[in-house]
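# Summary of the model geometry
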Amino acid sequence: MTLTVPGFDHIRLPGAGGVELAAAVGGSGSPVVLLHGFPQTHLMWRHVAERLADGHTVICPDLRGYGASDKPTVTDTDVYAKRTMAADVVTLAAALGHERFALVGHDRGALVAFRAGLDHPESITHLGILDIVPTLDMWNVLHGASAAVGYHLFLMAQPPGLPEAVIANSADVFFGSFLDAWANDPTAMPEDVRAEYLRASAAAVTSIVADFRASAGIDVTHDRADVDAGSQLAMPVTVVQQDWGAQLGYDAAAVWKAWAPDLDHRLTRAGHFMAEEAPGEIAEAIQDLLAR
């Protein structure tokens, strides 16, 4: 049985182009959509979602290609483009009656949230981003030996066949390595939760690789077009991340300021899985964002 946020309803909702997404929905009040990262499912939001549900309708979907959501076959470059996945989120929220909503994403979900903020400013009232820089900037800051931290990005950018085979043949080791290496507090991820992430990821190797491959292709094209057009995020934006700038040699706050004029940039001592390691801190950051 799929693990979900305690006390929330676990339902299926329409995304873009006939794709269906699984989502946990709970609470009441102004809507907040929370998008998970890699290699996880919506379950990563369980502690934060419960905190926010006191005053908000909280919607936690599995991204297309992940968890219990549909995993469409790649027929063209748009299937796992962040533009398409952002349309999923807007469609899903509208199905619940929410034409405008706050959106917070972690890791892969943050890339989707970023694209939604650019493509759908009429829908996104507030934007929260956890532990990324935008796709185009990500590739620009990964260079030299320090790029080894993102080896999986280069692996999954390869043409179809090799990445899928390599990962499928060692799925638990591959996905588990990130759960181990990126957590400052391993106790924040209990064994049943870890097992759910590994199970869900092993069942979605092809679509997960397709998601990452899009970030080495069509997503870069979309980001570059926005840079060329001078596009920026129109809504209040909060970014919470580890001090990647110090580790990789760039000014993370400056990178984000170029995209988000109304920016609150915060560093955390928590690991990459900050919504599980420091849920109080993350819930507070989201509440502060929503008050802007």
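Residues numbered from 1 in each chain as written. Predicted model: local features only at pLDDT ≥ 70, side-chain atom pairs only at ≥ 80, totals over all residues. Heavy atoms only, no water.

The name given to the protein in an unreviewed UniProt entry is Alpha/beta hydrolase, and the organism recorded there is Streptomyces durocortorensis.

Here we take up the overall build of the protein. What the protein contains, in helices and strands, is 14 helices and eight strands. Relative to the globule expectation of 19 Å for 292 residues, the C-alpha radius of gyration of the protein, 17 Å, shows essentially globular dimensions. If one aligns the C-alpha atoms of the protein with their principal axes, the spans along those axes are about 45 × 45 × 40 Å. Scored against the burial criterion, the 292 residues of the protein give a buried share of 60%. Within the protein, counting contacts between residues at least 6 apart in sequence, those at least 24 apart form 76% of the total. Taking the 18 positively charged and 36 negatively charged side chains of the protein as two groups, their mean positions are separated by 2 Å. (Helix = DSSP H or I, 4+ residues; strand = E, 2+ residues; numbered from the N terminus. Rg over C-alpha atoms; globule rule 2.2 N^0.38 Å. Buried < 20%, exposed > 50% of the residue type's maximum accessible area, 1.4 Å probe, protein only. Contact = heavy atoms within 4.5 Å. Lys, Arg positive; Asp, Glu negative; His and termini not counted. Charge placed at Lys NZ, Arg CZ, Asp CG, Glu CD.)

We now examine helix H2 (residues 82-95). With 14 residues, H2 ought to run about 20 Å at 1.5 Å a step, and its terminal C-alpha atoms sit 20 Å apart, in line with that. Within H2, the full set of buried residues consists of Lys82, Thr84, Met85, Ala86, Asp88, Val89, Val90, Leu92 and Ala93. Glycine 97 sits one or two positions beyond H2 and adopts a positive phi of about 90°. (Expected span 1.5 Å × (residues − 1).)

Right, let's get into the sheet that holds strand S4 (residues 56-61). Overall, mixed pairing links the eight strands, which are arranged S1-S2-S4-S3-S5-S6-S7-S8 in an open sheet. Edge positions in the sheet fall to strand S1 (9-14) and strand S8 (263-267), since each of these pairs with one other strand and no more. Direction aside, the axes of adjacent strands within the sheet are offset by 20° on average. Summarising the sheet, strand S5 (residues 101-106) and strand S6 (residues 124-130) pair through five bridges and their orientation is parallel. Its bridge partner lying in S6, phenylalanine 101 is registered against isoleucine 124. (Pairing = 2+ DSSP bridges. Axes fitted to C-alpha atoms, helices over the stretch in contact; angles between N-to-C directions.)

The next thing to look at is the UniProt feature "domain: AB hydrolase-1" (unreviewed entry) in the protein. Summarizing the sequence annotation, UniProt attributes the feature "domain: AB hydrolase-1" (unreviewed entry) to residues 31-132 in the numbering used throughout. Helix makes up 32% of residues 31-132 and strand 24%. Its end C-alpha atoms lie 23 Å apart. (UniProt positions renumbered as here; feature names shortened; annotations may be inferred.)

Here we take up helix H7 (residues 171-181). Every buried residue belonging to H7 is among Ala171, Phe174, Phe175, Gly176, Phe178 and Leu179, and all of these are buried. Elements that come into contact with the buried residues of H7 comprise helix H5 (151-156), helix H6 (162-168), helix H8 (191-202) and helix H9 (205-214).

With that out of the way, let us pick up the packing of H7 against H8. Orientation of H7 relative to H8, taken along the N-to-C sense of each, is 135°, at an axis distance of 9 Å. Comparing the axis directions of H7 and H8 gives the class oblique. H8 is crossed by H7, and the crossing has right-handed handedness. The residues of H8 that touch H7, namely those facing Ala171, Asp172, Phe175, Gly176, Leu179 and Asp180, are Arg194, Tyr197, Leu198, Ser201 and Ala202. A breakdown of the residues in the contact of H7 with H8 according to their chemical character gives six nonpolar, two polar and three charged. (Parallel < 35°, antiparallel > 145°, perpendicular 65-115°, else oblique. Left-handed = near helix turned anticlockwise from the far one by under 90°. Nonpolar A, V, L, I, M, F, W, Y, C, P; charged D, E, K, R; others polar.)

Residue phenylalanine 38 is joined to proline 39 through a cis peptide bond whose omega torsion reads -5°. When you line up the elements, proline 39 lands in the loop between strand S3 (30-35) and helix H1 (46-52). Backbone geometry at aspartate 107 places phi at a positive 55°, although glycine is not the residue there. With respect to the secondary-structure elements, aspartate 107 resides in the loop between S5 and helix H3 (108-119). Accessibility expressed as a relative area gives 9% for aspartate 107, which makes it buried. Even without a glycine there, the phi angle at aspartate 131 is positive, about 70°. Residue placement: aspartate 131 occurs in the loop between S6 and helix H4 (135-141).

As for its placement among the helices and strands, histidine 36 is situated in the loop between S3 and H1. Residue class for histidine 36 comes out buried when judged on its relative accessible area of 0%. Among the polar contacts listed, one links the side chain of histidine 36 to the backbone oxygen of glutamine 40, at a separation of 3.3 Å. A polar atom in the side chain of histidine 36 sits 3.0 Å from the backbone nitrogen of leucine 63. Ignoring any residue separated from it by four or fewer positions in sequence, one finds histidine 36 in contact with Thr41, His42, Met44, Trp45, Pro61, Asp62, Leu63, Tyr66, His106, Arg108 and Gly109. (Polar contact = N/O pair within 3.5 Å; in protein donor to acceptor, adjacent residues only side chain to side chain.)

In this section: the nonpolar core. Leu34, Trp45, Leu103, Leu233 and Trp256 are the most contacted members of the largest nonpolar core, which totals 99 residues. Broken down by element, the residue count for this core peaks at seven residues, all from H3. Non-local contacts of tryptophan 256, meaning those with residues more than four positions away in its chain, are made with Phe114, Ile129, Ile132, Val133, Pro134, Leu233, Val239, Gln241, Leu263 and His265. Core analysis: the next-biggest nonpolar cluster, separate from the first, contains six residues, Val79, Tyr80, Ala210 and Ala214 among them. (Core = buried A, V, L, I, M, F, W, Y, C linked by side-chain atoms within 4.5 Å.)

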